[in-house]
Amino acid sequence: MGDPYVGARTPRREDTRLLTGRGRYVGNVRVPGSLHAYVVRSPIAHGRLTGCDAKAVRAAEGVVDVITPDDAAGLSLPCVMVLPGQRITSYRVLDDTIRYAGQPLAVVVARTPQAARDAADLFDLVLDELPATIGAERAIEAPPLYPELGGNVVTDFTMGDDGCLAAIEGAEHVVELTCSMGRVSPYPLEPRGVVARYDEDELTVHISSQAPHSVREHLARVFGMDLDRVRVISRDTGGGFGGKEHVYPDEVLVCLAAMRTGRPVRWTEPPGDRLVATLSARQAVHRARLALDGDGRFVAMYVDVIGDLGAHPSNVGGSTLAVTATLLPGPYRFGAFAVRVRGVLTTTVPAGSYRGFGQPEATLTRERLIDEAARRLGIDRVELRLRNMLRPEELPCTTAVGQTYDSGDYPRALRTLRDLVPPPGGSHDGRRRAVGYSCHVESTGMGPSMEVKAMGVAGAGYETVALRMEQDGSVVVSSGVVAMGQGIETALAQLAADRLQVPIERVRVVLGDTAMTPYSSVGSIASRSLTVGGGALTRAAGRLRDKLLAIAAHRLEAAPGDLELSGGVVRVKGDPQASVPVSELATSAWRGWDLPEGVTPGLEERDSYDPTGFTYSYGAHAAAVAVDPETGAVEVEGYWVVNDSGVLVNPAVVEGQIMGGVAQGIGEALTEEIVYTDDGQPIIEYLPPTAREVPDIEIVTLQTPSPVTPGGMKGVGESGTIGPPAAIANAVAAALPEIADRVTDVPLTPAVVWSLLRAPRASTGERGA
């Protein structure tokens, strides 16, 4: 039967359910007698809530309960990821000190959504407003948002080679740029939502989440409950992109409302609240220097990273900045590398996870430096990269910041990309055209539990799978990872069907329910669902297959090595008449009949796979742009990707993940940004790309198996988002060489590009070029 599923473009089994209105989203959960919650949010960015009179709210028609900061005193959530020296490690669910516009202040619970919304307007809030602090660099010198800390820098650490700065000072050529990326927000199709029920001292929570087991742990901790009294269910999560990897304060408050009222309570994040309620990401400033010798070899790179953490460190703390630091070297060889990281508090929405998790920021800075160095030194951009790239024979390789790249052929990816891309078109319409490149290495498969601990993460990196073959030969896979549109349900079914040689239609995958799935500490984040969860399944399926063959060998009086499993039967190789149906073997196993000595009844395996290391995917991207110098408008006319994420279980799913990621990256490069006014108010004009802004995307996949993962898989979920901001910025710089050294920030909106073209020239950060 061979390998009919691994590597096949098997249609996604979940799509039939999702596309016909049968998705199991939180909004589809119906619990009789449900109440509805509305979250009251701060209209100011900074100040004190000195009065919260709710008498009129409580008297309003349909209102059942009101929760104010006094009712939630003592309830707080932890920062699961803590950076070195991080001075805030938890945050209150409701706080009467206000540090961002949109911060929850109270909750109204009523019989209908409209009654809750209308009653919220009846609060008599007394607010003592204070000056806002906007911008991480400005915040370093501003009065502290937490006076007890004495400042707004909550983490400050360095990584890398001690002699890096000295190497830069002695280098023949040095290029300096200050790069920044705007604040962006995850935009899943399904908004955040909760349905909570508290009955007989048990809390059951339906929630749109990437990590239900983590949510369960946090809820139990917040409310002082035993874990076995909390059940969390996330059947179909309609997109996450990192924004749903933890439980939010407003979601905790919905659960509190259910506990207080004794009634089911439901809440869905209103569309108008998303930009102030869901964590944002990316905003950082990088002051970077790249040193080269006379032959264009990379002598050293140093980057000073200043990240905007918002009002407080979120669940992930400042770990996005640490990931930026550790992935800044990319696929290149540096004589020395070092980075300084500072996480700074501002009066804005707390910063958290977003697809790519610090890696697009690193790629933008590094790849802009390389392109600018090539321009100043008169070296071809691709050739300069190839000259400094790590070669396959140099892997595995540990970088100056502790990342051990496992396998790959980085130069091959770039050469393949170069051959794909046609020359840029002409300027027949008055627009300038050019192509930009970017290359990256992606950290995937967040795994080794002791490494996770060393990183400051209060969690585990292993995944557990329970695999069972029923008496009729059908198979059930249960895993703690979550389906959120990434095709994991299909991919796990493919692995099980492939290893056990059963039709995929006879494989059922159970996900998203803490009462029915094995524990998963961090869930579906960090491009790890298939890499780690699939690794556990691969090992469990291997053991189950071995047991099945051992039972068959006993029945057929043959050696297990002389048997093959194919087409629903086990047979002796070369003798198809000597066979036994798998269903007959499974029935015997569960009944304990005719088993060889030492073999226990049943066909069930459980495997906990704790990886020995991270896996590292990589890619090379190219963007063709047309820039109108009169308006500053940038159009992406073509996009190409060469990506290697190890063994591909389902190439169609992989390509879909990359395409979606590229679309998000195009938005970050050109249109998406949350901008704050000086008084801390977000400008609610957020423009994700449409089909018009996203061109045809050509994808070539390479497959270098990971030596780390059983099955050779690497992660791919974030690959598409990492390269576009850098590739597009490089393309714009190439199209407009007169401002190339100032194309350093994204998004490159028409206003930004137009202003750069008309701004006075400033001195360039350059030496020796």
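Worth saying up front: this structure is predicted, and the values here are computed from it rather than measured.

A. Looking closely at the packing of helix α11 (residues 381–388) against helix α12 (residues 410–420). At a minimum axis distance of 10 Å, the contact between α11 and α12 shows a crossing angle of 165 degrees. The angle between α11 and α12 places the two elements in the roughly antiparallel class. Relative to α12, the crossing made by α11 is left-handed. For the pair α11 and α12, contact is made by Val 382, Arg 385 and Leu 386 and by Pro 411, Leu 414, Arg 415 and Arg 418, respectively. Taken together, the residues that form the contact of α11 with α12 break down as four nonpolar, no polar and three charged.

B. Main features of a negative patch on the surface. Together, Asp 128, Glu 129, Asp 678 and Asp 679 line one region of the surface with negative charge. Examined against the element boundaries, Asp 678 turns out to sit in the loop between β30 (675–676) and β31 (682–683). Look at Asp 678 and you get exposed, because its relative accessible area is 61%.

C. How the structure looks around unusual backbone geometry. With an omega of 0 degrees, the peptide bond running from Leu 395 to Pro 396 counts as cis. As for its placement among the helices and strands, Pro 396 is situated in the loop between α11 and β18 (397–398). Residues Val 746 and Pro 747 are joined by a peptide bond in cis, for which omega reads 10 degrees. By the secondary structure assignment, Pro 747 is in the loop between β33 (745–746) and α20 (750–758). A positive phi is found at Phe 241, a non-glycine position, where the angle reads about 55 degrees. A residue is classified by how much of its surface remains accessible, and Phe 241, at 26% relative accessible area, is partly exposed. For Arg 282, which is not glycine, the phi torsion reads 85 degrees and is therefore positive.

D. Inspection of the side chain of Thr 320 at higher detail. The residue Thr 320 is located in helix α9 (residues 319–327) in this model. Dropping the residues within four chain positions of it, Thr 320 is found in contact with Gly 352, Phe 357 and Gly 358.

E. Representation of the nonpolar core in the model. The biggest cluster of nonpolar side chains holds 72 residues, and the ones touching the most others in it are Leu 290, Val 339, Leu 414 and Leu 417. The contact partners of Leu 414, leaving out residues within four places of it in the chain, are Val 382, Arg 385, Leu 386, Met 389, Tyr 437, Cys 439 and Ala 620. Grouped together as the second largest cluster of nonpolar side chains are 49 residues, Val 6, Leu 537, Ala 541 and Ala 553 included.

F. Region of the structure containing the sheet that holds strand β14 (residues 265–268). Pairing is mixed across the open sheet formed by seven strands, whose spatial order is β3-β7-β1-β14-β11-β12-β13. Strands with a single pairing partner mark the edges of an open sheet, and in this sheet they are β3 (63–67) and β13 (230–233). With strand direction ignored, the average angle separating the axes of adjacent strands in the sheet is 20 degrees. For strand β1 (residues 35–41) and strand β7 (residues 104–110), the ladder comprises six bridges, and the chain directions are antiparallel. If you follow Val 39 over to β7, its bridge partner there is Val 107. Against the sheet, helix α3 (residues 113–120) engages β1, β3 and β7, with an angle of about 30 degrees to β1. The sheet contacts of helix α6 (residues 212–223) involve β12 (202–207) and β13, and relative to β13 the element is tilted by about 145 degrees.

G. Representation of the environment of Met 389 in the model. In this fold, Met 389 is placed in the loop between α11 and β18. With relative accessibility at 2%, the residue Met 389 sits in the buried group. Expressed as a C-alpha distance, the spacing of Met 389 and Arg 333, which sit 56 residues apart in the sequence, is 5.8 Å.

H. Quick look at the layout of surface pockets. Roughly 570 Å³ of volume is contained in the second largest pocket. Taken together, 28 residues line the second largest pocket, and the ones lying closest to its centre are Gly 135, Ser 180, Gly 182, Gln 283 and Glu 673. Breaking the lining of the second largest pocket down by element, the ones donating at least two residues are α4 (136–141), β10 (173–181), β15 (284–292), β16 (298–310), β30, β33 and α20. A total of three residues in the lining of the second largest pocket trace back to one element, the largest contributor, which is α4. Among the residues forming the lining of the second largest pocket, the class breakdown is 14 nonpolar, seven polar and seven charged.

Cut-offs used in this document
- One numbering rule holds for all chains: residues counted from 1, following each sequence as written.
- The predicted origin of the model limits local features to residues at a pLDDT of at least 70 and limits the giving and counting of side-chain atom pairs to 80 or more, whereas totals for whole chains, interfaces and linings rest on all residues.
- The side-chain numbers reported here are obtained from all heavy atoms of the structure, hydrogens and water having been left aside.
- Structural elements are reduced to axes, namely lines fitted to C-alpha atoms, with helices fitted over the stretch in contact, and the angle between N-to-C directions of any two is expressed from 0 to 180 degrees.
- To qualify as a helix, a DSSP run of H or I must reach at least 4 residues; to qualify as a strand, a run of E must reach at least 2; elements of each kind are numbered from the N terminus.
- Each angle receives one of four descriptions, namely roughly parallel if under 35 degrees, roughly antiparallel if over 145, roughly perpendicular if within 65 to 115, and oblique otherwise.
- Two helices crossing with the near one rotated counterclockwise from the far one by less than a right angle form a left-handed crossing, whereas a clockwise rotation gives a right-handed crossing.
- Contact criterion: two residues are considered in contact whenever any of their non-hydrogen atoms come within 4.5 Å of each other.
- Note on residue categories: nonpolar means Ala, Val, Leu, Ile, Met, Phe, Trp, Tyr, Cys or Pro, charged means Asp, Glu, Lys or Arg, and polar means any other residue, Gly included.
- Patches here: salt-bridge-free residues with over 30% relative accessible area, like charges joined within 9 Å, nonpolar side chains (Val, Leu, Ile, Met, Phe, Trp, Tyr) joined within 5 Å.
- Using a 1.4 Å probe, the Shrake-Rupley method yields the accessible areas, and only the shown protein chains count as cover for residues.
- The salt bridge definition used is simple: a Lys or Arg side-chain nitrogen within 4 Å of an Asp or Glu carboxyl oxygen.
- Think of it this way: Lys and Arg go in the positive column, Asp and Glu in the negative one, and His and the chain ends go nowhere.
- Every charge is mapped to an atom, namely NZ of Lys, CZ of Arg, CG of Asp or CD of Glu.
- Relative accessibility under 20% of the residue-type maximum defines a buried residue, over 50% an exposed one, and the middle range a partly exposed one, all with a 1.4 Å probe and only protein chains included.
- Among buried residues, those of type Ala, Val, Leu, Ile, Met, Phe, Trp, Tyr and Cys that are joined through side-chain atoms within 4.5 Å constitute a nonpolar core.
- A strand pair is defined by DSSP finding two or more bridges across the two strands.
- Buried and open spaces are told apart on a 1 Å grid over the protein atoms alone, a cavity being a set of points where a 1.4 Å probe fits but cannot get out and a pocket being an open set with protein on both sides within 12 Å along at least five of seven lines. Residues with an atom within 4 Å of a point are the lining residues.
- Grid points are joined across faces, edges and corners, and a volume is the space filled by probe spheres set on the points.

Treat this as a map of the structure, not an account of what it does.
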